[in-house]
Amino acid sequence: MSGKEEDYVCRRDTYSTSSADFEYASENEVEEQTVQETLPRKVRNMSFKSTSHERSDGSEGLSSSPESPVTAETQELQKQRREMSPKAAQEEILAQIQRLQLKLTELRDVENASSVGSHHSQLNSSSSGYSLHRPNLEVSVRDTSFQQTGTGESIVSTNSAKVGPKLLVVSNRLPVTVTKDNSGAYHFNMSSGGLVSALKGVKSLMPFLWIGWPGTEIDPNERDYVRNKLREDYSCFPVFITDEQANLYYNGFCNDVLWPLFHYVPLPIVSSDGERKFDFKYWQAYSAANYRFAEAVLQVYQDGDYIWVQDYHLLLLPSLLRRRLRDVKIGFFLHIPFPTSEVYRIIPVRKELLQGVLAADLIGFHTYDYARHFLSVCTRILGLESSPKGVNYHSHFAHVGIFPIGIDPNTFHRALEDSNVQQRIQELHERFMGKKVLLGVDRLDYIKGVPHKLLALEWLLTKYSEWMHKVVLVQIAVPTRTEIEEYKKLSSQTNELVGRINGKFGTVDHSPIMFINQSLVFEELVALYTVADVAIVSSVRDGMNLVSYEFVMCQQANKGVLILSEFAGSAQSLSGAIRVNPWNIEELANAIYEAISMPRREREIKHWKLYRYVTTHTAEYWAKSFFQELDNVVKHRDELRLSLPLLNLKSVTKRMSNARARMFLLEYEGSLCHPKSLAELNNPTTTHIKILTRLCSDPRNIVVIISGRSKTILDNWFGNYPMGLIAENGCDLKVNGGAEWRCLVSSSETEWREELLPVLQYFTERTPGAYIERKKHSVTWHFRDADPEFGSWQANELQLHLAELCSNLPVEVNSGPKHLELRPKGVSRSTTVEQLFSILRDEKRTMIDFCFCLGVDRSSEDLFNLIHSLKDKVTNDMNFSPTMDSICCAVGLQSTNADAYIQDVDGALAAIRELSSHTSTITVDSHLRAHTNALSHVHKPRRRSSIRNQQSLE
Ligand SMILES: O=P(O)(O)OC[C@H]1O[C@H](O[C@H]2O[C@H](CO)[C@@H](O)[C@H](O)[C@H]2O)[C@H](O)[C@@H](O)[C@@H]1O
Ligand SMILES: O=c1ccn([C@@H]2O[C@H](COP(=O)(O)OP(=O)(O)O)[C@@H](O)[C@H]2O)c(=O)[nH]1
């Protein structure tokens with residue numbers, strides 16, 4: 001196992017995973033590996049595909065699949081069973097049954113897997129964050145009912161009838177807190193949090209199930225009871241996590257790594273105990289916990305269900321689900337800020353997290369800024385093209401949307417009508433008579449800016465001393481995450497400040513700060529919201545901040561003023577607030593002064609503005625908008641898939657086998673290998689040569705490689721093999737097997753170079769990372785290695801300049817992925833392919849009756865069009881059989897003229913491999929020997945993996 005694999009595979013004593021799901025290989029590694037090589041050793045040795053996992057506790061987990069799945073463990077297990085209690089032994093047997101059941105499913109799945117999806121999904125499980133393939137657990141997840149075992153854990157039944165689709169909401173915590181008292185009895189308390197009320201509206205649309213952690217470790221023997229109770233009484237489905245695991249995952253990774261960084265708080269490199277702050281054990285626990293959640297979802301998922309994943313605790317979950325359920329509808333909502341790329345890039349596992357969430361169909365944020373940062377991060381960190389609508393990643397479009405959450409106004413209306421609340425309001429009015437009440441309601445979290453608020457009060461009381469005995473700050477500081485060092489520090493710092501200010505400005509009759517370091521019951525909170533004159537939200541970052549909304553709901557009578565930090569998400573919606581920068585203590589103090597001195601009329605106007613917003617943009621509205629958008633994007637996705645299906649290899653090979661002369665037009669960079677700006681980095685690997693030479697070895701096949709590189713480079717790469725070559729995107733052509741290149745550029749004018757090169761040079765000097773590739777006929781300006789945003793921006797500028805300059809020159813500007821190309825007018829890949837066909841005709845070669853064309857999505861449109869048009873006129877052309885068949889296949893899902901698509905480069909390579917295996921292999925060995933010799937000149941120094949591949953071939 002490589003060091004990399006070790007990093008991602010969780011410790012066996014807590015949770016072990018096969019690396020098929022958690023392995024992240026670099027592009028180069030993947031490119032050089034064969035399908036078999038990319039699979040972990042354990043899986044490679046098996047006669048069937050496995051994506052399964054094994055947990056040491058043996059419960060619920062998907063099993064791993066050793067070489068002899070049933071017998072290898074048997075002796076050891078039997079021995080263990082003899083030593084176990086009867087109950088534990090029964091549980092063990094049941095877990096075994098479940099494992100076998102899943103294995104059966106996998107075997108059936110493999111049997112059915114014949115499309116390219118299933119082939120290249122094996123490649124993809126390591127090459128990308130997620131891959132699209134058929135659900136391995138399709139049979140087992142079809143059912144939502146559980147068979148009671150009577151003794152241990154439930155096992156999943158496979159045979160119940162399917163009901164209509166349901167919504168599965170997945171969040172870290174269930175809305176029900178489960179506790180166990182000293183007598184061993186369980187208690188279930190439903191919370192009335194924001195998400196609970198938000199989802200009320202969606203509940204009316206379809207059946208609903210909430211999946212999450214019950215907040216405590218549940219004894220395995222009692223899990224069935226807890227699960228059934230939650231399911232029946234609360235529509236909840238628990239994800240069981242041990243306390244140790246929860247500590248590492250929730251406190252360690254979620255709240256001590258992701259939370260601070262997403263809120264712009266830098267990570268210290270070491271904690272106070274001298275441990276690394278970002279420790280891989282936290283990441284492993286996070287991955288393992290996400291995997292646990294995926295298992296739980298798969299147990300209750302049925303085809304057609306919608307899955308809505310909530311928040312930063314579960315960033316990996318969309319990809320874990322997508323791997324198993326290709327067509328699943330997944331929404332993801334981030335409740336906290338998404339930071340700028342300069343902060344996000346600090347996270348050591350930044351790519352993995354992005355790849356995880358990008359498998360969702362819709363990713364929602366509270367504000368435009370968060371969405372903008374996310375898109376920018378996708379471009380900068382993963383090098384993906386993004387638009388305001390979303391990001392395309394491995395042929396899956398992740399839509400991005402802005403959905404500011406709200407609250408449930410009715411909850412507050414009802415509370416305010418409650419006579420107990422009214423009585424409490426009365427009491428508080430009397431208690432604070434003659435004073436202005438400032439209110440702060442925060443968890444005692446460093447993001448909430450509580451010290452900022454206290455310092456501002458201190459400033460106010462110093463500067464406007466007339467208010468010294470007339471204002472009181474009621475600060476609710478709900479203890480939170482008290483095990484974490486930073487929270488402990490904040491708590492003592494806050495206590496000190498409160499003591500100092502109360503000591504400085506307090507009297508026997510009056511303390512300026514009433515500090516309540518505990519959570520309040522809802523009724524008390526509503527009463528406080530109602531009597532307050534000013535609410536101060538001074539967060540230094542806050543995803544949204546619901547407190548600001550709740551205060552507004554309770555201020556219909558008083559028309560109090562809201563002071564709101566511009567760093568809270570709600571500041572972007574609540575324009576009736578006084579918006580402040582909490583870091584500017586004086587500004588905050590002045591805002592408090594302005595608020596307590598504000599005339600009623602002005603307060604009324606501001607309040608109505610706020611009230612209108614809060615009562616229309618409710619939690620229910622938020623949930624419904626998100627859900628409707630999810631439904632729309634998924635419908636659109638499915639329509640697109642229908643119009644451009646995934647390449648069906650079985651059908652291609654069948655159609656190919658009927659043909660006597662086949663043409664394979666294969667674009668090289670972008671289709672068969674990941675594009676790089678420097679040609680030297682894109683040498684074909686041994687795997688490429690092996691596959692392509694095998695394809696060429698069949699006398700019925702004509703293989704043509706198409707590239708933008710020069711003929712010298714193509715000769716270096718492929719010159720030793722009987723392939724046709726098209727260089728400089730059509731400028732030079734070498735017909736299969738021939739030694740000579742034909743030049744297809746008619747104009748010999750080259751003066752344009754002198755005129756245009758200085759312009760390219762000018763932009764290159766001003767675009768770090770950009771470079772000019774000069775070729776015989778054409779020139780390419782590459783910006784792949786430049787800053788993605790700046791590079792695109794410069795490319796647009798350059799294109800405008802060039803377009804103007806080229807209008808009277810025999811050259812045209814073509815824009816391609818991460819490059820601009822200056823090519824003589826009238827020459828293109830399609831014109832050259834057309835020429836090739838006519839050369840073949842003139843040379844009276846066999847009539848082509850099958851053509852397979854592979855190209856990168858949009859940039860190959862002209863080629864696909866040509867093939868379609870040639871196909872249309874086959875009957876008039878002697879070069880084609882009257883029955884010529886053709887398939888245009890795009891690598892990527894954006895092409896409009898292709899007949900089918902392949903997800904990515906790895907999939908394309910796997911597909912060509914498959915096609916090559918349907919050819920004669922008589923001459924493959926001699927070609928390979930030639931390649932090995934050729935490589936010894938081309939590949940210096942050799943990369944480790946290419947040497948390894950070569951050795952395995954030799
Ligand atoms: O205590 P936790 O379980 O770790 O959760 C912390 C809080 O998370 C949620 O707040 C976040 O979402 C809110 C609604 O979208 C948003 O207003 C806030 O800015 C986010 O931090 C949750 O709503 C809180 O109850 C939790 O305390
Ligand atoms: O004693 C308290 C104080 C606050 N809250 C609730 O906690 C939530 C805080 O949400 P917000 O979005 O403002 O901040 P978060 O704590 O989620 O970061 C609000 O709904 C408050 O009503 C509560 O339940 N008990």
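This text gives an overview of the structure that appears in the document. Owing to the predicted nature of the structure, the values given are computational and were not obtained by experimental measurement. (Residues numbered from 1 in each chain as written. Chains lettered and ligands numbered in written order. Predicted model: local features only at pLDDT ≥ 70, side-chain atom pairs only at ≥ 80, totals over all residues. Heavy atoms only, no water.)

1. With respect to the pairing of strand 14 (residues 436–443)
Moving on, step 1. In terms of burial, strand 14 is largely enclosed, as six of its eight residues are buried.
Moving on, step 2. With helix 21 (residues 450–463) bridging strand 14 and the parallel strand 15 (residues 471–478), this β-α-β connection has right-handed handedness.
Moving on, step 3. Bridge count for strand 14 against strand 17 (residues 534–537) is two bridges, and the pairing is parallel. The residue of strand 17 that forms the bridge with L438 is V534. (Buried < 20%, exposed > 50% of the residue type's maximum accessible area, 1.4 Å probe, protein only. Helix = DSSP H or I, 4+ residues; strand = E, 2+ residues; numbered from the N terminus. Right-handed = clockwise from strand over helix to strand, strands pointing away. Pairing = 2+ DSSP bridges.)

2. Some words on the packing of helix 17 (residues 350–357) against helix 18 (residues 368–382)
Moving on, step 1. Their axes nearest at 11 Å, the elements helix 17 and helix 18 cross at an angle of 125 degrees. Here helix 17 lies oblique to helix 18, going by the angle between them. Where helix 17 crosses over helix 18, the handedness of that crossing is left-handed. Packed against helix 17, whose contacting residues are R350, K351, L354, Q355 and V357, the element helix 18 presents F374, V377, C378, I381 and L382 at the interface.
Moving on, step 2. In terms of residue class, the contact of helix 17 with helix 18 is built from seven nonpolar, one polar and two charged. (Axes fitted to C-alpha atoms, helices over the stretch in contact; angles between N-to-C directions. Parallel < 35°, antiparallel > 145°, perpendicular 65-115°, else oblique. Left-handed = near helix turned anticlockwise from the far one by under 90°. Contact = heavy atoms within 4.5 Å. Nonpolar A, V, L, I, M, F, W, Y, C, P; charged D, E, K, R; others polar.)

3. Details of the sheet that holds strand 27 (residues 811–816)
Moving on, step 1. Strand order in this open sheet of four strands is 25-26-28-27, and the pairing throughout is antiparallel. A single partner strand is all that each edge strand has here, and the edge strands are strand 25 (771–774) and strand 27. In this sheet, adjacent strand axes meet at a mean angle of 20 degrees when their direction is disregarded.
Moving on, step 2. As judged from the four bridges shared by strand 25 and strand 26 (residues 779–782), these two strands associate in the antiparallel manner. Each bridged residue has a counterpart across the sheet, and for R774 the counterpart in strand 26 is V779.

4. Examining the site of ligand 1
Moving on, step 1. If you check the shell around ligand 1, you find 14 residues, and the closest are Y250, H335, R481, D542 and M544.
Moving on, step 2. For ligand 1, an oxygen atom lies 3.2 Å from a polar atom in the side chain of R443.
Moving on, step 3. Here an oxygen atom of ligand 1 and a backbone polar atom of N545 are 3.0 Å apart.
Moving on, step 4. In isolation ligand 1 offers 560 Å² of accessible surface; the protein chains occlude 73% of this area.
Moving on, step 5. Classifying every residue of the shell around ligand 1 by side-chain character gives six nonpolar, four polar and four charged. (Near = heavy atom within 4 Å. Polar contact = N/O pair within 3.5 Å; in protein donor to acceptor, adjacent residues only side chain to side chain. Areas by Shrake-Rupley, 256 points an atom, 1.4 Å probe, with all protein chains shown as cover.)

5. Some thoughts on the site of ligand 2
Moving on, step 1. Taken together, V441, R443, K448, V478, S519, L520, L525, N545, L546, V547 and E550 are the residues near ligand 2.
Moving on, step 2. In this structure, L520 approaches ligand 2 through a main-chain N or O atom, which is 2.7 Å from an oxygen atom.
Moving on, step 3. Backbone polar atom of V547 to an oxygen atom of ligand 2: 3.1 Å apart, as the coordinates give it.
Moving on, step 4. Isolated, ligand 2 exposes 540 Å² of accessible area, and the fraction of that covered by the protein chains is 71%.
Moving on, step 5. The set of elements that each furnish at least two residues to the shell around ligand 2 consists of strand 14 and helix 24 (546–553).
Moving on, step 6. It is helix 24 that contributes the most residues to the shell around ligand 2, three residues altogether.

6. Considering the pattern of salt bridges
Moving on, step 1. Using the criterion set out here, one finds 37 salt bridges in the structure.
Moving on, step 2. R292 serves as the salt-bridge partner of E295, at 3.7 Å between the closest nitrogen and oxygen. Here R292 and E295 lie together in helix 14 (residues 280–300), a separation of three residues that amounts to about one turn.
Moving on, step 3. Judged by relative accessible area, which is 6%, R292 ranks as buried.
Moving on, step 4. The partner of D442 in a salt bridge is K453, with the nearest N and O atoms 2.7 Å apart. Of this pair, D442 sits in strand 14 while K453 sits in helix 21, placing them eleven residues apart in sequence. The pair formed by D442 and K453 is uniform in burial state, with each residue classed as buried.
Moving on, step 5. Where salt bridges share partners, they join R322, D361, R637 and D638 into one cluster. (Salt bridge = Lys/Arg side-chain N within 4 Å of Asp/Glu carboxyl O.)

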